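Reading the structure
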Amino acid sequence: MNETDIVFGDTIDVSGLDTIVKFSQYKSGKPDLFLDGIELADDLTAKSGTLLYAKDTKISHMHIARLLRVQESKPDTVLSFKIK
């Protein structure tokens, strides 16, 4: 898979923060355009194992903004999302 792969099934595997940003229609400063209802099917963890968001978290505009700040401070961070 590359950084923009999406795999469908009972859940959707989304590889990369850039992909979830596009999928959710995230725009900084425009939360009214954000695609509501995206829910994590599994825990979202950093490569180090640190829990970022727990399973069943409904991803909001603020969640994406925080993840973008994490990626900005640690550019080598790779996140893969399993959503339902």
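Our subject in this report is the structure included herewith. (Residues numbered from 1 in each chain as written. Predicted model: local features only at pLDDT ≥ 70, side-chain atom pairs only at ≥ 80, totals over all residues. Heavy atoms only, no water.)

**Brief notes about the overall build of the chain**
- Each helix and strand in the chain was counted, giving two helices and five strands.
- Ordered by position in the sequence, the α and β elements of the chain form the string β-β-α-β-β-α-β.
- Among the 84 residues that make up the chain, the fraction classed as buried is 36%.
- Excluding contacts between residues fewer than 6 apart, the proportion of contacts in the chain whose partners are at least 24 apart in sequence is 49%. (Helix = DSSP H or I, 4+ residues; strand = E, 2+ residues; numbered from the N terminus. Buried < 20%, exposed > 50% of the residue type's maximum accessible area, 1.4 Å probe, protein only. Contact = heavy atoms within 4.5 Å.)

**Concerning the nonpolar core**
- Counting residues in each nonpolar core, the largest one holds 20 residues, and the members touching the most others are L44, L67, F81 and I83.
- Taken together, the elements giving at least two residues each to this core come down to β2 (12–15), α1 (17–24), β4 (51–53), α2 (61–73) and β5 (80–83).
- Setting aside residues up to four positions removed in sequence, I83 forms contacts with T11, I12, V14, I20, F23, I38, E39, L40 and A41. (Core = buried A, V, L, I, M, F, W, Y, C linked by side-chain atoms within 4.5 Å.)

**Details of the environment of F81**
- When you line up the elements, F81 lands in strand β5.
- Owing to a relative accessible area of 3%, F81 belongs among the buried residues under this scheme.
- Between the alpha carbons of F81 and E39 there is a distance of 9.7 Å; along the sequence they are 42 residues apart.
- If sequence neighbours within four positions are ignored, F81 has contacts with I12, D13, V14, G16, L17, I20, L40, L44 and L67.

**Here we look at the packing of α1 against α2**
- Where α1 meets α2, the closest approach of the two axes is 11 Å, and the angle between their N-to-C directions is 155°. By the angle class used here, α1 and α2 are roughly antiparallel. For the crossing formed where α1 meets α2, the hand is left-handed. Two secondary-structure elements touch here, α1 through L17, D18, I20, V21 and S24 and α2 through I64, L67, L68 and Q71. (Axes fitted to C-alpha atoms, helices over the stretch in contact; angles between N-to-C directions. Parallel < 35°, antiparallel > 145°, perpendicular 65-115°, else oblique. Left-handed = near helix turned anticlockwise from the far one by under 90°.)

**A closer look at unusual backbone geometry**
- Although it is not a glycine, Q25 adopts a positive phi angle of roughly 60°.
- Within the secondary structure, Q25 sits in the loop between α1 and β3 (44–45).
- Phi at D56 is positive, roughly 75°, even though this residue is not glycine.
- By the element assignment, D56 lies in the loop between β4 and α2.

Read these as spatial facts, not as claims about activity.
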